[in-house]
Amino acid sequence: MLSLLHSLPLTSDTILCGDFNARFGTLLGDTNANARGNSLRLWLEESSLSILNASLAYGIPTFTTFRRQ
């Protein structure tokens, strides 16, 4: 995933959306972090990109499941 991200041409109006299966821990108000989240976080910082969930959805789960009964 990171090699693909490194190959993208980034401009001042770049927006990336997707499910990267990354857990960012306290950055997003989550109780868990994982290696993918740590790697992605470094790439985002190096690329001067922001994670909008940090300011727009802090602590709000973006994935939920519903089970019958």
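Our subject in this report is the structure included herewith. (Residues numbered from 1 in each chain as written. Predicted model: local features only at pLDDT ≥ 70, side-chain atom pairs only at ≥ 80, totals over all residues. Heavy atoms only, no water.)

### A word on the layout of surface pockets
No. 1: Looking at the largest pocket, its volume works out to about 1000 Å³.
No. 2: If you trace the largest pocket, you find 28 residues lining it, with Gly18, Phe24, Leu28, Ile51 and Asn53 closest to the centre.
No. 3: Residue contributions to the lining of the largest pocket peak at 3 residues, all from helix H2 (residues 35-46).
No. 4: Considering only residue class, the lining of the largest pocket consists of 17 nonpolar, 8 polar and 3 charged. (1 Å grid on protein atoms, 1.4 Å probe; cavity = no way out; pocket = protein on both sides within 12 Å on 5 of 7 lines; lining within 4 Å. Points joined across faces, edges and corners; volume = space filled by probe spheres on them. Helix = DSSP H or I, 4+ residues; strand = E, 2+ residues; numbered from the N terminus. Nonpolar A, V, L, I, M, F, W, Y, C, P; charged D, E, K, R; others polar.)

### Structural notes on the nonpolar core
No. 1: Counting residues in each nonpolar core, the largest one holds 6 residues, listed as Leu5, Phe24, Leu28, Leu40, Trp43 and Leu44.
No. 2: Not counting the four nearest positions on each side in its chain, phenylalanine 24 is found in contact with Asn32, Ala33, Gly37, Leu40, Arg41, Leu44 and Ile51. (Core = buried A, V, L, I, M, F, W, Y, C linked by side-chain atoms within 4.5 Å. Buried < 20%, exposed > 50% of the residue type's maximum accessible area, 1.4 Å probe, protein only. Contact = heavy atoms within 4.5 Å.)

### Considering unusual backbone geometry
No. 1: A positive phi angle is found at asparagine 21, which is not glycine, with a value near 50 degrees.
No. 2: You can see asparagine 21 is positioned in the loop between helix H1 (2-7) and H2.
No. 3: Located in the positive-phi region is serine 48, a residue other than glycine, with phi close to 55 degrees.
No. 4: Residue position: serine 48 is located in the loop between H2 and helix H3 (53-56).

### A short note on H2
No. 1: An ideal rise of 1.5 Å per residue puts 16 Å on 12 residues; H2 measures up with 17 Å between its terminal C-alpha atoms.
No. 2: Residues Gly37, Leu40, Trp43 and Leu44 constitute the buried set of H2. Projected down its long axis, H2 shows its buried positions confined to an angular sector of 125 degrees, all on one face. Away from its buried face by more than 90 degrees, H2 exposes Ala35, Glu45 and Glu46.
No. 3: Following H2 by one or two positions, serine 48 has its phi on the positive side, about 55 degrees. (Expected span 1.5 Å × (residues − 1). Arc of directions from axis to C-beta.)

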